[in-house]
Amino acid sequence: MTTRALSLLRETGTDCLVSVGGGSTTGLSKALALRTSLPQVAVPTTYGGSGVTPVLGETREERKVPQSSAAVLPETVVYNIDLASPCPCPCALRTRVA
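Below is a short write-up of the structure. (Residues numbered from 1 in each chain as written. Predicted model: local features only at pLDDT ≥ 70, side-chain atom pairs only at ≥ 80, totals over all residues. Heavy atoms only, no water.)

Another point: the packing of helix α1 (residues 2–12) against helix α2 (residues 23–36). The N-to-C vectors of α1 and α2 enclose an angle of 60 degrees; their axes lie 10 Å apart at closest approach. In terms of their interaxial angle, α1 and α2 are classed as oblique. The handedness of the crossing between α1 and α2 is right-handed. Contacts from Thr2, Ala5, Leu6, Leu9 and Arg10 of α1 reach α2 at Leu28, Ala31, Leu32, Arg35 and Thr36. (Axes fitted to C-alpha atoms, helices over the stretch in contact; angles between N-to-C directions. Helix = DSSP H or I, 4+ residues; strand = E, 2+ residues; numbered from the N terminus. Parallel < 35°, antiparallel > 145°, perpendicular 65-115°, else oblique. Left-handed = near helix turned anticlockwise from the far one by under 90°. Contact = heavy atoms within 4.5 Å.)

Pasting the structure below:
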C-alpha cells in the first residue's frame, strides 16, 4: 500500500498529506511523510492517539515493525467531535488521549 501511494503522490505532485480516519489512515500518512518529508495534517476519527505520537508501525515480511521519528509526527492535528462521535461511549472512554 505504501509503495503504491508513494508512486501516486509523486505522479500528482502532492505537496501535503491529509489523513482523515483512524490509525491505519494516519499510519499510511506517517509512512509517506517519512519517505518524502511532506507536511501532514491529521484528522482523527477515533481517540487512539496515533495522530499525536512520533511512532509508526510498518508491516515488513508479515511482521509489524515499530519505529519512532520526529519526521512522522503530523504538523497539525484537527480533532472534530462530529467525526469522532460515532465511536461508542465505552470505546471512546478506553481510547481517549490522556
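The rest of the description comes next.
On to the environment of Gln67, then. In this fold, Gln67 is placed in strand β4 (residues 63–68). A residue is classified by how much of its surface remains accessible, and Gln67, at 26% relative accessible area, is partly exposed. On a C-alpha basis, the gap between Gln67 and Gly57 in space is 6.2 Å, while along the polypeptide they are ten residues apart. Apart from residues no more than four positions distant in its own chain, Gln67 is found in contact with Leu34, Pro54, Val55, Leu56, Glu58 and Arg60. Among the polar contacts listed, one links the side chain of Gln67 to the side chain of Glu58, at a separation of 2.9 Å. (Buried < 20%, exposed > 50% of the residue type's maximum accessible area, 1.4 Å probe, protein only. Polar contact = N/O pair within 3.5 Å; in protein donor to acceptor, adjacent residues only side chain to side chain.)

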